[in-house]
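Next come the chains, spelled out residue by residue.
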Amino acid sequence: MEPPVPLSPPPPQPPRQEPAESGPGNSALLPTEKPRAGGRPRSLATPLERLPGVGTARADRLKRLGLVTAADALMHFPRDYRDFSGAHQIADIVAGEHASIAGDVVDVTSRITGGGRQMLVVRLACAPGSVRAVWFNMPFMAKRFAVGQRVVIAGQAKLAVGKWEFAHPEVRWLQAGERSDASDWLAVYPLAEGVLQSHVRAAVQAALDHAADLPPEALPEDLLRSKELLPIDVALREIHIPSSYGMIAAARRRFVYEELFMLQLALRMHRGQQQVRRAAPAIPVDGRIDGRIRARFPFEFTAAQVRVCAEIAADMARSEPMNRLLQGDVGSGKTAVALYAILAAVATRVPGAPADPRGRSVGYQAALMAPTELLARQHAATLERVLAEQEGRLRKSDVRVELLVGSQSASRRSQALERIASGASRIVVGTQALVCGGAVFRNLALVVIDEQHRFGVVQRGILQQDHTDPHTLLLTATPIPRTIAHAIYGELDVSILDGVPPGRQPVATYRVGHDQLDAWWDFFRRKLKEGRQGYVVVAAVEESKRGLESVSSAYEHLANGPLEAFRLGLVHGRMPAKKKQAVMEEFRSGRIDVLVATSVIEVGIDVPNATLMTILDAEGFGLAQLHQLRGRVARGAARGICGAVTASPAPDSPAPDGAAPDGAAAEDAVEPHPRIDAFVGTTDGFKLAEQDLLLRGPGDLVGTRQSGAPPMYLADLLRDAKVVAEARQDAMELFQRDPRLEGAELTRLRQLIHKRWGETLGLGGVG
Ligand code: ADP
Ligand code: MG
């Protein structure tokens, strides 16, 4: 048993200093001079609008990214960098790879392509030859170029008729004799609706130049030295305005290490605080129960399902709490395994419990949590079907399934909570927030969390009761290497559900260029007429107004155009839950042919007759998300078909099943798109996860995006697996030396850990 580590709350903050007014006479005139201490310096807490060079309008927009103070801007890390050095020569260019080249504009022409698109061609002389930059349907770009100008363009090039061509490159216009102090490596930041790179860059620059203090160093001196990590002030400057390519890597390494080191320390503290684990109820599953449970399903379990169910049953038979992660690709049939475990729990009698009013013995309770209400409702419905009478074979079960979702009225919820507390409701299905928020169980034996990756780090031990701990089963379609799983979740067993239910065929996936859309819709309509159903998925930031418009306008467009002969339904995240549910029901029952949706249908939705999918603006989705989406049409016996529509023409797309692409004009830009190409190239979720690791930008930790846990800024538990292991080792060593992190030089570190993880891990109540 590790000693509990008391963690003191951060000491009271010193009173905030009044930020200086900007105006004549202060640093606005001396842009590089920092105001002196004592002269009302701008601090890290200074609101961005008070920093010279930011302004109220920009500051207002930056709030959409959650950036309010100078410190916020400094901690908003770039997601990528662009080489704007212009250092490449024509001979250096490699097709499909990023290149940056300087040249003089020699001509600017605009014309209409065979495909009817407006095309702007800017030719640059870059001795000893020339390259072309092209833009489609962006006529305003023409005004920004003049013959004789010197520019740097950056982007990916391809060979078109023997010349290198950059489609939609980034451009830096060089002033006559420009001497740029800025780095040639330009940071590219995560943005929000209406916020431009230039807004963020200005705020970061202002914070670096004018905040009197930079955040103090949190990492112990000896660690910085032994790990060769950049000190905080250098790292902060270099991560935003790198002086060289090598420094980008060094700065990132420091912050990645810091995040993972803090996470490891926080997890240790958390573990130290947890009481001794209590026993879980033993759930013995004998052959009779096993047979009775399996008989309730409308299919035979696959060999993989049988194996994994046995692993779970063996765990649950012990009185030590199970802690198991079940990984299986989208569509592999994880739900059946979860329901098996749930039914085993409720089939087991609570020893010594008094019989219920009708004289029956009382069984254990189980909870199933899902990331969305749609999915929770679907699981509840599946359970009802499994528990219903099975013609002539099995009686209707008397186990009551309780649903806990956000759209229920307060009175219905409180009735449900009562039934849960009394033990009358034996299976509880809900969204995580609801099941965790105040539900008190009487005899909880098992907690299943579906799509665990959506919840992120550390969500275990959330459902507890006084006397015992429940067994825990986590389901995920996102494979996480075992070592990483241990680092995030603590000691954890992993089961793999390999293999798919019989008769399943991989989804035929096509990249559809914009110029091939007519042919695609022809094809889509033909399949609908054969009696299939389908989805049209629109990439939309649901929270934003524009996102909403985009799904609604796609719906209007389809209903009055390509799909006017069919019955269409619309679902998006902003719809009231009842409405969403009603539309889903109509789709499930076949009264709607095509569901136009945002990614609310991404996880779990299971409508076997729906085998067609069109993903509009596919570039707007991540690889894991695309794969999850495609998983929706891999459920029935008929082969699923998925078209990923991209803004640029697809390279030599095979015609989907007779739909002839209308031949992209030779001069049209065919942009390789690594993510879409990977998606089209394989339907193996584990392979895609690997590719995703290679392609993904930093900072996208599995799951923390959607969970309540603080996001990781730069670290990525998968990509930075090595650093995770290192940080874990170092955290352990530090704990051995100073188990309470009391050393004077650890104060800042303790505060930061508290701030980042205190709430999530419940570290606050101690010390
Ligand atoms: P996921 O692993 O993505 O959660 P599901 O559990 O939703 O997948 O299962 C996908 C589909 O496969 C469902 O329609 C389910 O009924 C079906 N299914 C699961 N197991 C089997 C099986 N052994 N035989 C036939 N169909 C199955
Ligand atoms: Mg599922």
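For the structure, check the block above.
Each chain has its residues counted from 1, running along the sequence as written. To read the labels, note that chains go from A and ligands from 1, taken in the order they are written. Totals for whole chains, interfaces and linings use every residue, but because this is a predicted model, local features are given only for residues with pLDDT of at least 70 and side-chain atom pairs only at 80 or more, for both listing and counting. The side-chain values count all of the structure's non-hydrogen atoms but skip hydrogen atoms and water molecules.

**Student:** Go over the overall build of the protein chain with me, naming the residues and quoting the values.
**Tutor:** Scanning the protein chain from N- to C-terminus turns up 21 helices and 21 strands. Three labels apply to residues, based on accessible area from a 1.4 Å probe with only protein chains included: buried if under 20% of the type maximum, exposed if over 50%, partly exposed otherwise in between. Every one of the 767 residues in the protein chain was classed for burial, and the buried ones make up 52%. Contacts spanning at least 24 positions in sequence make up 72% of the contacts within the protein chain whose residues lie at least 6 apart. Residue exposure ignores everything except the shown protein chains as possible cover, and the areas themselves are Shrake-Rupley values with a 1.4 Å probe. Of the roughly 34400 Å² of accessible surface on the protein chain, a fraction of 52% belongs to carbon and sulfur atoms. Secondary structure counts use DSSP, requiring at least four H or I residues in a row for a helix and at least two E residues in a row for a strand, with both numbered from the N terminus. In what follows, residue pairs with any heavy atoms lying within 4.5 Å of each other are defined as contacts.

**Student:** Run through the site of ligand 1, naming residues and quoting values.
**Tutor:** Every one of the 17 residues lining ligand 1 counts as a neighbour, but E300, G331, T335, R504 and R635 are closest to it. Within 3.5 Å is the distance limit for a polar contact, defined as a pair of N or O atoms, with the added protein rule that one can donate a hydrogen and the other accept it, and that residues adjacent in sequence qualify only through two side-chain atoms. A distance of 2.8 Å separates a nitrogen atom of ligand 1 from a polar backbone atom of E300. For ligand 1, an oxygen atom lies 2.8 Å from a polar atom in the side chain of K334. In the complex, 85% of the free accessible area of ligand 1, which totals 570 Å², lies under the protein chains. In this text, near means that some heavy atom of the residue lies within 4 Å of the molecule or strand in question.

**Student:** Please provide a residue-by-residue account of the sheet that holds strand β19 (residues 594-597), values included.
**Tutor:** Ordered in space as β16-β21-β20-β17-β19-β18, the 6 strands form an open sheet in which the pairing is parallel. One side of each edge strand has no neighbouring strand; the edge strands of this open sheet are β16 (508-513) and β18 (568-571). Each strand axis lies, on average, 20° off the axis of its neighbour in the sheet, ignoring direction. Where β18 meets β19, 4 bridges bridge the pair, whose relative direction is parallel. Note that in β19 the partner of L568 across the bridge is V594. Axis lines are fitted to C-alpha atoms, over the contacting stretch for helices. Their N-to-C directions set the angle, which ranges from 0 to 180 degrees. Most of the contacts of helix α18 (residues 674-681) go to β16, to which it runs at about 150°, and overall it touches β16, β20 (610-616) and β21 (641-646). When DSSP locates at least two bridges between a pair of strands, those strands are taken to pair.

**Student:** Describe the sheet that holds strand β12 (residues 427-431), with residues and values.
**Tutor:** Pairing in this open sheet of 7 strands is parallel, and the strands run β11-β12-β10-β13-β14-β9-β15 from one edge to the other. Edge positions in the sheet fall to β11 (401-404) and β15 (493-497), since each of these pairs with one other strand and no more. Taking each pair of neighbouring strands and ignoring which way they run, the sheet shows an average axis angle of 20°. In the sheet, strand β13 (residues 444-449) pairs with strand β14 (residues 471-476) via 4 bridges, with the strands oriented parallel. Bridge pairing in β14 links V447 to T472.

**Student:** So, the side chain of R254: which residues are in play, and what are the values?
**Tutor:** Considering the arrangement of structural elements, one finds R254 in helix α6 (residues 245-273). Look at R254 and you get buried, because its relative accessible area is 0%. Ignoring anything within four residues of it in the chain, the contact list for R254 reads E217, L219, L224, L229, L230, P231, I232 and A235.

**Student:** A description of the packing of helix α8 (residues 303-316) against helix α9 (residues 334-346) should follow, citing residues and the corresponding values.
**Tutor:** α9 packs onto α8 with a crossing angle of 35° between their chain directions and a minimal axis gap of 10 Å. Note that α8 runs across α9; the crossing there is right-handed. Packed against α8, whose contacting residues are Q305, V308, C309, I312 and M316, the element α9 presents A336, V337, Y340, A341 and A344 at the interface. In this scheme the crossing of two helices becomes right-handed for a clockwise turn of the near helix relative to the far one and left-handed for an anticlockwise turn of less than a right angle.

**Student:** Any details on the pattern of salt bridges? Residues and values, ideally.
**Tutor:** The salt bridge definition used is simple: a Lys or Arg side-chain nitrogen within 4 Å of an Asp or Glu carboxyl oxygen. Within this structure, the stated rule accounts for 24 salt bridges. Of the charged contacts, one joins D730 and K227 as a salt bridge, the two residues approaching to 3.1 Å between their closest N and O atoms. Note that D730 is positioned in helix α20 (residues 721-737) and K227 in helix α4 (residues 221-227), a separation of 503 residues in sequence. Exposure remark for D730: the relative accessible area of 10% places this residue in the buried category. Here D315 ties to R318 by a salt bridge, and the two come within 3.5 Å at their closest N and O atoms.

**Student:** Can you tell me about the environment of A370, naming the residues and giving the values?
**Tutor:** Take A370: it is sitting in strand β10 (residues 365-370). Residue A370 is classed as buried on the basis of its relative accessible area, which comes to 1%. Considered as a pair, A370 and T431 are 61 residues apart in the sequence and their alpha carbons are 5.0 Å apart.

**Student:** Explain the environment of Q432 to me, and be specific about the residues and the numbers.
**Tutor:** You can see Q432 is positioned in helix α12 (residues 432-436). On the basis of relative accessible area, Q432 is assigned to the buried category, the value being 10%. The sequence separation of Q432 and E373 amounts to 59 residues, and the corresponding C-alpha distance is 9.4 Å.

**Student:** I'd like a rundown of the nonpolar core, residues and numbers included.
**Tutor:** Take the buried Ala, Val, Leu, Ile, Met, Phe, Trp, Tyr and Cys residues and link them wherever side-chain atoms come within 4.5 Å; each set so joined is a nonpolar core. If you look at the biggest cluster of nonpolar residues, it comprises 60 residues, and the most contacted ones within it are L48, F261, L265 and L749. Where this core is concerned, the elements lending two or more residues are α1 (56-62), α2 (70-74), α3 (197-210), α4, α5 (232-240), α6, α20 and α21 (747-761). When residues in this core are grouped by element, the largest group, 13 residues, is from α6. When residues no more than four places from it in sequence are discounted, the contact partners of F261 are L219, L223, A727, D730, A731, L734 and L749. Membership of the second largest hydrophobic core comes to 48 residues, among which are A345, A376, L387 and A445.

**Student:** Explain the pairing of β20 residue by residue, including any values.
**Tutor:** Within β20, 7 of the 7 residues are buried, leaving the element largely enclosed by the surrounding structure. As paired strands, strand β17 (residues 533-538) and β20 are joined by 6 bridges and run parallel to one another. Looking at β20, one finds that V538 is bridged to L616. Both β20 and β21 contribute to a ladder of 4 bridges, which runs parallel. Residue pairing across strands places T614 opposite G643, the latter belonging to β21. Note that the unit made of β20, helix α17 (residues 623-631) and β21 has a crossover that is right-handed. Crossover handedness is defined here as right-handed if the route from the first strand over the helix to the second strand goes clockwise, with the strands pointing away from the viewer.

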